[in-house]
Amino acid sequence: MIVNPYAAAPFSYASLPGATPYSIVELMPGARNLMHHAQVASGERVLLLVEHTADPVVVQAIAAAAAYRDADVHVLSVAPFSPGGWDKDVTHQVETAAVREADVVISATWWGEVHTAPLFFDQIRALPVRFASLHMAATAGAMLTGARFPNDVYYAIKHRALTRLNAAQSIRVTSALGTDLTLSRFAFTLDEGPLKPGDWQPFPYGGANFHPTVTEGVLVIEDSTFTGVPEQLLRITLEENQVRKIEGGIAAEQLRRASPDGYYLRHALIGLNPKTRLAGGTQFEREKHAGAFYCGLDALRDGVPVTTSPGFAHCDCQIDRPSIQVDGESFVEDGRLLLLDDPEIREVAARFGPPDVILDDNPLMILPRRYTGGPATR
């Protein structure tokens with residue numbers, strides 16, 4: 001039994017249709033917002049690190065936006081990165097050398113630096129580079145939806161979310177399929193605005209990322225790195241932040257095979273962007289949708305979590321429409337991020353257009369061009 005409506009989700013850029021050449025015109029508002037988010041300035045070295053299978057129209061839109069700012073633009077096309085550190089012996093020497101020489105890196109990869117050691121987060125954050133990752137999102141669909149959301153409205157949502165979440169003691173996540181997780185003793189990544197040197201952030205803008213040390217309960221996976229969309233319920237039981245049981249037929253066996261020594265819950269994320277897609281979106285688009293929940297399981301090493309490098313079995317897991325309580329108070333109800341109704345957020349949105357349009361969380365209603373920017377982003 002297929003348990004998820006997004007069962008036909010793509011598995012790489014090669015499995016996606018390409019954009020038509022003239023659609024570059026409609027991609028430019030999102031590309032402009034990306035330049036603003038990365039704070040690209042005249043004369044800076046901008047590296048587009050793109051997989052061979054990435055859509056050339058999307059790549060050209062991003063390159064053109066950087067060139068319009070008089071940046072020194074370089075495009076490096078590379079072989080696709082493997083998911084979950086599967087091909088962990090690859091050194092990526094050319095890619096790493098190019099990243100080190102750039103001021104801004106825009107990564108148009110599918111798994112990319114999320115799953116590989118030489119370009120892992122701690123390696124990137126040790127460099128004075130501003131790194132924007134379009135993992136699974138270097139697509140016309142992502143640029144037309146989540147990327148069009150005004151930068152300053154997203155920053156306002158992120159600030160309000162982090163103010164509430166970082167002070168919390170516990171977060172409970174439930175879903176219609178049976179997820180019931182309680183996470184505590186966590187630390188949030190406090191990234192509220194545009195990229196700064198040493199930053200790695202996803203684009204389109206994503207959500208509130210955190211690292212729990214205590215997780216208890218059941219996670220029912222709707223989509224994951226190693227299984228795709230499971231054909232029957234895939235249940236993960238966690239105790240003390242470690243996976244104790246995996247149930248669910250073939251998908252369960254696939255997950256166990258990827259890390260025979262077991263898993264722990266490395267991090268989690270609550271989506272904050274109302275314009276990123278669920279229907280038709282890739283996994284890393286869907287995780288960012290306002291009200292979605294996503295978490296990353298990773299491999300234990302000799303029975304112990306190691307958080308300073310990839311576990312080489314990183315498995316990203318998605319729940320599209322959860323309910324989330326923060327210290328017992330509703331934060332997300334059936335996939336609806338309640339912050340979208342906050343008067344202060346609506347006031348910021350009103351600077352760009354009608355709040356009911358800007359903050360509508362149906363991304364299939366594409367944000368009109370005239371509402372995608374404003375004085376702060378032009």
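Below: a short report on this structure. Just so it is clear, the structure is predicted and the values come from calculations on it, not from any experiment.

The rules behind the values
Here the residue numbering is sequential within each chain, running from 1 through the sequence in written order. Confidence filtering applies because this is a predicted model: local features only for residues at pLDDT of at least 70, side-chain atom pairs given and counted only at 80 or more, and all residues used for totals across whole chains, interfaces and linings. To get the side-chain values, all heavy atoms of the structure are used, and hydrogens and water are removed first. Each residue's exposure class comes from its accessible area (1.4 Å probe, protein chains only) as a fraction of the maximum for that residue type: buried when under 20%, exposed when over 50%, partly exposed otherwise. Secondary structure follows DSSP: runs of H or I at least 4 residues long count as helices, runs of E at least 2 residues long count as strands, and numbering of each begins at the N terminus. Pairing between two strands is assigned when DSSP locates at least 2 bridges connecting them. One fewer than the residue count of a helix, multiplied by 1.5 Å, yields its expected span. When checking whether two residues touch, look at their non-hydrogen atoms; a contact exists if any pair is within 4.5 Å. Here the aromatic set is Phe, Tyr and Trp, taking the six-membered ring for Trp, and pairing holds for ring centres within 6.5 Å; pairs whose planes are under 30 degrees apart are stacked, those over 60 apart are edge-to-face, and all others are tilted. Note on disulfides: each one is a pair of cysteine sulfur atoms within 2.5 Å. For helices, the fitted axis covers only the stretch in contact; all axes are lines through C-alpha atoms, and the angles between them, taken along N-to-C directions, range from 0 to 180 degrees. What the arc describes is the spread of directions from the helix axis to the C-beta atoms. The term salt bridge refers to a side-chain nitrogen of Lys or Arg lying within 4 Å of a carboxyl oxygen of Asp or Glu.

Our focus in this paragraph is the pairing of strand E8 (residues 207-221). Counting buried residues along E8, 11 of its 15 residues qualify, which places the element largely inside the surrounding structure. Examined bridge by bridge, strand E6 (residues 180-188) and E8 share 8 bridges and lie antiparallel to one another. Counted as the bridge partner of Leu183 is Thr215 from E8. Both E8 and strand E12 (residues 263-271) contribute to a ladder of 4 bridges, which runs antiparallel. By the bridge assignment for E12, Asn209 is matched with Leu269. Bridge count for E8 against strand E10 (residues 234-239) is 5 bridges, and the pairing is antiparallel. Within E10, the position partnered with Ile221 by the bridge is Leu234.

Moving on, we get to helix H1 (residues 24-38). An ideal rise of 1.5 Å per residue puts 21 Å on 15 residues; H1 measures up with 20 Å between its terminal C-alpha atoms. Along H1, the residues that are buried comprise Leu27, Pro29, Gly30, Ala31, Asn33, Leu34, Met35, His36, His37 and Ala38. For H1, the secondary structure elements touched by its buried residues are helix H2 (56-68), strand E3 (104-108), strand E4 (130-133), helix H5 (140-144), helix H6 (151-165) and strand E7 (200-202). Backbone geometry just after H1 places Gln39 at a positive phi near 55 degrees.

Tallying each qualifying case throughout the model produces 10 aromatic pairs. Measuring from ring centre to ring centre gives 4.9 Å for Tyr13 and Trp110, while their planes differ by 80 degrees; the resulting arrangement is edge-to-face. Linking Tyr13 in the segment before H1 with Trp110 in the loop between E3 and helix H4 (121-125), this pair joins segments that are 97 residues apart in sequence. Relative to Tyr205, the ring of Phe203 lies with its centre 5.0 Å away and its plane at 75 degrees, an arrangement referred to as edge-to-face. Feature note: the residues Tyr154, Tyr155, Phe203 and Tyr205 constitute an aromatic cluster, connected by ring pairs.

The next thing to look at is the state of the cysteines. A full pass over the atoms with the stated rule returns 0 disulfides. Cysteine Cys315 is unpaired, with the sulfur of Cys317 as its nearest cysteine sulfur at 4.1 Å. Residue Cys317 is classed as buried on the basis of its relative accessible area, which comes to 1%.

The sheet built from 5 strands is open, its strands ordered E2-E1-E3-E4-E7 with parallel pairing. What marks the edges here is a single partner per strand, and that holds for strand E2 (72-78) and E7. For this sheet the average axis-to-axis angle between neighbouring strands, irrespective of direction, equals 20 degrees. When E4 meets E7, the two strands line up parallel, connected through 3 bridges. The partner of Ala132 across the bridge, within E7, is Gln201. Here H2 sits on the sheet in contact with strand E1 (45-51), E2 and E3, set at roughly 180 degrees to E1. On top of the sheet, helix H3 (residues 93-100) reaches E1, E2, E3 and E4; it is set at about 165 degrees to E2, its chief contact.

We now examine unusual backbone geometry. Along the chain, Phe203 connects to Pro204 via a cis peptide bond; the corresponding omega equals -5 degrees. Note that Pro204 resides in the loop between E7 and E8. Although it is not a glycine, Asp327 adopts a positive phi angle of roughly 50 degrees. With respect to the element layout, Asp327 can be found in the loop between strand E15 (323-326) and strand E16 (329-333). The class of Asp327 is partly exposed, set by a relative accessible area of 33%.

All of the buried residues along helix H7 (residues 249-258) are Ala251, Ala252 and Leu255. When H7 is viewed along its axis, its buried side chains cluster within an angular range of 100 degrees and face the same direction. Seen from the open side of H7, the exposed residues pointing more than 90 degrees away from its buried face are Ile250 and Arg257. Looking at the buried residues of H7, the elements they touch are E8, E10, strand E11 (242-247), E12 and strand E14 (315-319).

Moving on to the pattern of salt bridges. Throughout the structure, instances matching the rule amount to 25 salt bridges. Across the salt bridge formed by Lys158 and Asp191, the nearest N and O atoms sit 2.8 Å from each other. Separated by 33 residues along the polypeptide, Lys158 in helix H6 and Asp191 in the loop between E6 and E7 bring together distant segments of the chain. Connected via shared salt-bridge partners are Glu26, Arg148 and Arg369.

This part is about the environment of Ala279. Within the element layout of this structure, Ala279 appears in the loop between E12 and helix H8 (283-286). For Ala279, a relative accessible area of 39% translates into the label partly exposed. Considered as a pair, Ala279 and Asn362 are 83 residues apart in the sequence and their alpha carbons are 9.8 Å apart.

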